[in-house]
Amino acid sequence: MTPADLSRTVLHAVRRAVDEDALRAPVPARVRVERTRPGGSGDYACAVALQLAGPAALPALEVARILRERVAAEPGVGRVEITGPGFLSFTLDAPAESDRAVLAAVREQGLAYGRGGALGDEIHQLHHAREVRAAVTAQAVFRLLVAQGARGRTTCEQAPDPDWARLGVTVNAYGTPPTPLTEIRPVPAGATAGELLERLGPDAARWGLLRAAGHDRAALGPELLVQSEANPLFRVRYAHARARALTRGATALGFTAEAAPYGESPAPYDRAARPLLDLIADHPGALLAGARHRAPDRVARQLEAVAHAFFDFHDSCPPLPAGDEKPSAAHRARLAIAEAAGTVLAGGLSLLGIRAPEHL
């Protein structure tokens, strides 16, 4: 069960409780679950009982008890506990089964993994200044919103710079809007689109403009072009290229990726694989958070974390056999995780409008 699956499961439990008249409160549009903080109980936690206590005119602990019995019976949920003033803490079934479900979802959905319809009832019009960072940020936010099912368009205060098109920016209209709109106003880049394209090219320019939070100044120096792992953009793209190279290498050796059977560990390396598997599972939540908060920098940082975990995993548990070693079930399972990481990196980069080359 992925975090998105768990969120839907809790929301379904709320609807059931309301339909059965066990809970008299409006059903929220969505329910947020988060990884349990260090020292906490379970795998994930949720504060929905505290949110519903007031409208339901019940103590939060009572609301939590009503929801616990309905969530605990769902497949994939191992244990539900009530902690503190009414938090629900969830322990999912055996990690191997959850991991397998995540890997299967990535394989099935491909670059669309992490996209969905959570914001399908929302319409956004993003308005920005005639400035390259504002334009690129608005376009990236728009991509993230659309990837979560929202609709809308982007508009500019003035006629767009013709060079913006080379950065993947489309402006639907320009001029002073008749009513106030959601404005995208990051710290200006201090350079024009043409200057950035000449110095950095489109991919490095977009990464530099989007990597920093909107209230911070964007780093747009020559370090964005350095071909070393000290450059976060290179590291992310290199991790993707390496994942694709592993697939080609496995094909040459005559084997393909295969997740471990249910009930078994993905391979005998759980400790090394855990951070990467967790980040892959958290990817849908990172994309949704980036859309909700209009913060493409969150997606960039998520990709950096995935790339870092990928190399740690790759170095600890090589997906390809070495020397006279024969391909084993462990190699096939490791390859499945590596391929999923590559897919996540390519999908995230595409939402930022950045290419993910298969060769570097």
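Our structure is the block above this text.
Just so it is clear, the structure is predicted and the values come from calculations on it, not from any experiment.

(A) How the structure looks around helix α1 (residues 3-19). Counted at 1.5 Å a residue, the expected span for α1 with its 17 residues is 24 Å, and the 24 Å between its end C-alpha atoms agrees. What α1 keeps buried is the set Pro 3, Leu 6, Ser 7, Thr 9, Val 10, Leu 11, Ala 13, Val 14 and Ala 17. Asp 21 occupies a position one or two residues after α1 and carries a positive phi of about 65 degrees.

(B) Quick peek at the nonpolar core. Membership of the largest hydrophobic core comes to 77 residues, with the highest contact counts inside it found for Val 132, Trp 207, Leu 276, Ile 280 and Phe 310. At the level of secondary structure, the elements contributing two or more residues to this core comprise α4 (95-109), α5 (132-147), α6 (193-211), α7 (232-253), α8 (270-292), α9 (296-316) and α10 (329-351). Judged by nonpolar contacts, the second largest core, of 26 residues, contains Leu 52, Ala 56, Val 77 and Leu 92.

(C) Examining unusual backbone geometry more closely. In this model, Ala 57 sits at a positive phi of 55 degrees, which is unusual for a non-glycine residue. Along the chain, Ala 57 turns up in the loop between α2 (48-56) and α3 (60-71). We note that Arg 294 has phi near 50 degrees; this positive angle belongs to a residue other than glycine. Inspection of the secondary structure assignment puts Arg 294 in the loop between α8 and α9.

(D) Geometry of the packing of α7 against α9. Close contact between α7 and α9 brings their axes to 9 Å; oriented N to C, the two are set at 50 degrees. The pairing of α7 with α9 is recorded here as oblique in orientation. Remark: the crossing between α7 and α9 carries left-handed chirality. Facing Pro 232, Arg 235, Val 236, Tyr 238, Ala 239, Arg 242, Ala 243 and Leu 246 of α7, the residues of α9 in contact are Leu 303, Glu 304, Ala 307, His 308, Phe 310, Phe 311 and His 314. Broken down by class, the residue content of the contact of α7 with α9 amounts to ten nonpolar, two polar and three charged.

(E) Region of interest: the pattern of salt bridges. All told, the structure shown has 25 salt bridges when counted by the stated rule. Between Glu 62 and Arg 65 there is a salt bridge, with the nearest N and O atoms lying 3.1 Å from each other. On the criterion of helical spacing, the pair formed by Glu 62 and Arg 65 is a turn pair, its members being three residues apart in helix α3. A salt bridge links Arg 274 to Asp 99; its shortest N-O distance comes to 2.7 Å. Of this pair, Arg 274 sits in helix α8 while Asp 99 sits in helix α4, and the two are 175 residues apart along the sequence. Residue classification places Arg 274 among the partly exposed positions, given a relative accessible area of 26%. On the accessibility criterion, Asp 99 (6% relative accessible area) is buried.

(F) The side chain of Asp 161, seen in detail. With respect to the secondary-structure elements, Asp 161 resides in the loop between β6 (151-156) and β7 (173-174). Despite its burial, Asp 161 pairs with no opposite charge; the closest candidate is Arg 130, at 4.9 Å N-O. Here Asp 163 takes part through its backbone nitrogen, which lies 2.8 Å from a polar atom of the side chain of Asp 161.

(G) Structural view of the sheet that holds strand β2 (residues 44-46). Read from one edge of the open sheet, four strands run β1-β2-β4-β3, paired in antiparallel fashion. With one partner strand each, in any of the chains shown, β1 (33-35) and β3 (77-83) form the two edges of the open sheet. Looking at each pair of strands side by side, their axes are set apart by 30 degrees on average, direction ignored. Contacting β3 and β4 (87-92), α3 runs over the sheet at an angle of about 175 degrees to β3.

(H) Seen up close, the side chain of Asp 203. Along the chain, Asp 203 turns up in helix α6. Accessibility expressed as a relative area gives 6% for Asp 203, which makes it buried. Reaching out from Asp 203, the side chain makes a polar contact with the side chain of Arg 237 at a distance of 3.1 Å. Setting aside its immediate chain neighbours within four residues, Asp 203 contacts Leu 233, Arg 237, Gly 353, Ile 354 and Arg 355.

(I) Up close: the sheet that holds strand β8 (residues 182-184). What the four strands build is an open sheet, ordered β7-β6-β5-β8; its pairing is parallel. Across the chains shown, the open sheet's two edge strands, defined by having one partner strand only, are β7 and β8. For strand β5 (residues 123-128) and β6, the ladder comprises six bridges, and the chain directions are parallel. Residue pairing in the sheet places His 127 in a bridge with Thr 155 of β6. α5 contacts β5, β6 and β8 of the sheet and is inclined by roughly 170 degrees relative to β5.

(J) How the structure looks around the packing of aromatic side chains. Overall, the coordinates contain three aromatic pairs when judged by the stated rule. Between Tyr 238 and Phe 311 the ring centres are 5.5 Å apart and the planes differ by 25 degrees, which places this aromatic pair in the stacked class. Of this pair, Tyr 238 sits in helix α7 while Phe 311 sits in helix α9, placing them 73 residues apart in sequence. Among the residues examined, Tyr 238 registers a relative accessible area of 28% and is labelled partly exposed. Summarising the aromatic geometry, the rings of Phe 310 and Phe 311 are spaced 5.3 Å apart at their centres and angled 75 degrees between planes, so their arrangement reads as edge-to-face. Owing to a relative accessible area of 8%, Phe 311 belongs among the buried residues under this scheme. In this structure an aromatic cluster arises from ring pairing among Phe 234, Tyr 238, Phe 310 and Phe 311.

Parameters and conventions
- Residues numbered from 1 in each chain as written.
- Predicted model: local features only at pLDDT ≥ 70, side-chain atom pairs only at ≥ 80, totals over all residues.
- Heavy atoms only, no water.
- Helix = DSSP H or I, 4+ residues; strand = E, 2+ residues; numbered from the N terminus.
- Expected span 1.5 Å × (residues − 1).
- Buried < 20%, exposed > 50% of the residue type's maximum accessible area, 1.4 Å probe, protein only.
- Core = buried A, V, L, I, M, F, W, Y, C linked by side-chain atoms within 4.5 Å.
- Axes fitted to C-alpha atoms, helices over the stretch in contact; angles between N-to-C directions.
- Parallel < 35°, antiparallel > 145°, perpendicular 65-115°, else oblique.
- Left-handed = near helix turned anticlockwise from the far one by under 90°.
- Contact = heavy atoms within 4.5 Å.
- Nonpolar A, V, L, I, M, F, W, Y, C, P; charged D, E, K, R; others polar.
- Salt bridge = Lys/Arg side-chain N within 4 Å of Asp/Glu carboxyl O.
- Lys, Arg positive; Asp, Glu negative; His and termini not counted.
- Polar contact = N/O pair within 3.5 Å; in protein donor to acceptor, adjacent residues only side chain to side chain.
- Pairing = 2+ DSSP bridges.
- Phe/Tyr/Trp six-rings, centres within 6.5 Å; stacked < 30°, edge-to-face > 60°.

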